Amino acid sequence: MQLSEYVNAITRANVEYKIDESLSNYCAYRTGGPAKIMVFPKSHEQLCACTKTDIPIEVIGFGTNLLCSDKGFNGIVINSCKMSKITVSGACIRAECGAKLSEVREIAEINCLGGLEFTDGIPASVGGGVCMNAGCFTKSLSEYVAYVVTDKAVYNNQSCDFGYRNSIFCKKKGEIISSVCFVLKPSESDIIQSKREKFKKLRKNSQPHGKSCGSVFLNDGYFAGKIIDTAGLKGYSIGGAKVSEKHANFILNTGNSSQDIYDLIKFIKNKVYQTQNVKLKEEIKYIGIFDD
Ligand SMILES: Cc1cc2nc3c(=O)[nH]c(=O)nc-3n(C[C@H](O)[C@H](O)[C@H](O)COP(=O)(O)OP(=O)(O)OC[C@H]3O[C@@H](n4cnc5c(N)ncnc54)[C@H](O)[C@@H]3O)c2cc1C
């Protein structure tokens, strides 16, 4: 399919789009070149219209776990930000992919529904959060997902194949989460509030400020931050990318180059492998092509 045919098709479906839109506007590192076309579906039907193509597709939520190439992405980027409806029915909350996870948690709290307190401070969209099975303090979103609706099918919890920072949606490129139904636990307002405050405090004490994507590497049977610290890399920098002094699994960006961040990630992996024989694996995801 030619790009012009694609533009005609999404125009017929009334989907908003931008050509050569800079990815840096949508990613927490604030880096990245242009997407050939960025589309902004507002409904499940529009989302489905956006995926009917053989042109390469990437989907972004709030870009808080993404490193986008400075060369951009020569394809379609689906931006979920305009799909943000949330509805409550009993202990179930159904949220569209671009809804803020923090808003789902707040609505849960207002409705005396507990479970999501641990997500306080995770800056995710619902789609990005569920795709990554976001979590912390031994808890993760998969515990509360009843089912997921994508542009192609409906998945119950088991068929989402959730794992540590992983799900079937990480593996199935091109299948887009449209909405998620969470099942929460009826609870009391002050209990929910005090749990959330506890998680918030724990996070405040451990997390550095600045432009970052949170933890860069998975804690895969070890604490990546501790291993990077042991390798003597706290504070190490390449160009505008720097290993945080406070938490060595965070890379802070003070410049405007994704390649610097990529090079620093590569450097950390090599150094840790050489000095400690550990093969670190990235938690963050890449969009586009980088220079090796
Ligand atoms: C300060 C900070 C703290 C953080 N703390 C935590 C933490 O405690 N725990 C944790 O788990 N993470 C944490 N993160 C990382 C990040 O917030 C999570 O990974 C989050 O789930 C990413 O959500 P997002 O909407 O930003 O997704 P994006 O970064 O936009 O995308 C992440 C992945 O999800 C895919 N995706 C996005 N939307 C969809 C969709 N609709 N359908 C299918 N796939 C989709 C993307 O293609 C990409 O592969 C932190 C990040 C920051 C910046």
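Residues numbered from 1 in each chain as written. Predicted model: local features only at pLDDT ≥ 70, side-chain atom pairs only at ≥ 80, totals over all residues.

Colleague: Even after reading the chapter, I still don't get the overall build of the chain, so can you show me in this structure?
Modeller: When helices and strands are counted, the chain shows 8 helices and 18 strands. Here the C-alpha radius of gyration of the chain, 19 Å, is about what a compact globule of 292 residues would show, namely 19 Å. C-alpha atoms of the chain, sized along the principal axes, occupy 55 × 55 × 30 Å. For the chain, the residues scored as buried account for 44% of the 292 residues in total. The long-range fraction of contacts in the chain, counting pairs at least 24 apart against all pairs at least 6 apart in sequence, stands at 65%. (Helix = DSSP H or I, 4+ residues; strand = E, 2+ residues; numbered from the N terminus. Rg over C-alpha atoms; globule rule 2.2 N^0.38 Å. Buried ≥ 20, exposed ≤ 12 C-beta atoms within 10 Å, placed from the backbone. Contact = placed C-beta atoms within 7 Å.)

Colleague: Even after reading the chapter, I still don't get the sheet that holds strand β2 (residues 34-40), so can you show me in this structure?
Modeller: Pairing is mixed across the open sheet formed by 4 strands, whose spatial order is β1-β2-β5-β3. Of all strands in the sheet, those bounded by a partner on one side alone are β1 (16-22) and β3 (57-60). Across the sheet, the mean angle separating the axes of adjacent strands is 30° when strand polarity is ignored. With 4 bridges joining them, β2 and strand β5 (residues 73-79) adopt parallel strand pairing. Counterpart to M38 in the pairing with β5 is V77. (Pairing = 2+ DSSP bridges. Axes fitted to C-alpha atoms, helices over the stretch in contact; angles between N-to-C directions.)

Colleague: Teacher, can you tell me more about the domain arrangement of the chain here?
Modeller: One frequently used descriptor of interface size is the decrease in accessible area upon assembly of the parts. You can read the domains of the chain as domain 1 (3-82), domain 2 (86-206) and domain 3 (224-287). Summarising the inter-unit geometry, the C-alpha centres of domain 1 and domain 3 are found 28 Å apart. Each side of the interface is counted separately: domain 1 has 13 residues, and domain 3 has 12 residues. In terms of residue count, the dominant contributor to the side of domain 1 that touches domain 3 is strand β4 (residues 66-68) (3 residues). Grouping the amino acids of the side of domain 1 that touches domain 3 by side-chain chemistry returns 6 nonpolar, 4 polar and 3 charged. (Domains from an automatic or database assignment. Nonpolar A, V, L, I, M, F, W, Y, C, P; charged D, E, K, R; others polar.)

Colleague: I would appreciate a short explanation of the nonpolar core in the present structure.
Modeller: Soluble globular proteins tend to bury their nonpolar side chains together. If you look at the biggest cluster of nonpolar residues, it comprises 78 residues, and the most contacted ones within it are V39 and V104. The element best represented in this core is helix α8 (residues 258-276), accounting for 6 residues. When neighbours within four sequence positions are excluded, V39 is seen to be in contact with I10, V15, Y17, C50, I76, I78 and N79. (Core = buried A, V, L, I, M, F, W, Y, C linked by C-beta atoms within 7 Å.)

Colleague: Looking at this model, I keep getting lost on unusual backbone geometry. Mind explaining?
Modeller: Most peptide bonds take the trans form, and the phi angle of most residues other than glycine is negative. In this structure, D20 takes a positive phi of about 50° despite not being glycine. In this structure, D20 sits in strand β1. When the 11 C-beta atoms within 10 Å are taken as the criterion, D20 is described as exposed. One non-glycine residue, T138, lies in the positive phi region at around 70°. The exposed category is assigned to T138, around which 6 C-beta atoms lie within 10 Å.

Colleague: Honestly, the site of the ligand in this entry has me stumped. Any pointers?
Modeller: Around the ligand, the structure places 32 residues, and the nearest of them are G61, S125, G127, G128 and G214. At the level of elements, β3, α4 (126-132) and β9 (135-136) are the ones that each hand at least two residues to the shell around the ligand. Here the shell around the ligand takes 5 residues from α4, the largest share from any one element. Counting contributing residues per domain, the shell around the ligand is built from domain 1 (3-82) and domain 2 (86-206), each supplying no fewer than three. (Near = placed C-beta within 6 Å.)

Colleague: Got a minute to help me understand the sheet that holds strand β12 (residues 154-156) in this structure?
Modeller: Adjacent strands of a sheet form backbone hydrogen bonds with each other and so pair up, either parallel or antiparallel. Taken in spatial order, the 5 strands of this open sheet run β6-β7-β13-β11-β12, and their pairing is antiparallel. This sheet does not close on itself; its edge strands, each paired only once, are β6 (86-89) and β12. On average, adjacent strands in this sheet sit at an angle of 15° to one another, irrespective of strand direction. With 4 bridges joining them, β6 and strand β7 (residues 92-96) adopt antiparallel strand pairing. Considered in β7, the bridge of S89 is made with C92.

Colleague: Please explain the pairing of β5 as it appears in this structure.
Modeller: Walk down a regular strand and you will see the side chains alternate between the two sheet faces. Counting buried positions along β5 yields 5 of 7 residues, so the element is predominantly enclosed. Bridging between β3 and β5 involves 4 bridges; their strand directions are parallel. Note that in β5 the partner of V59 across the bridge is I78.

Colleague: What am I meant to see in the environment of D263 here?
Modeller: Summarising the element assignment, D263 is placed in helix α8. In the structure, D263 is positioned 26 residues away from S237 in sequence and 9.8 Å away in space, judged by C-alpha atoms.

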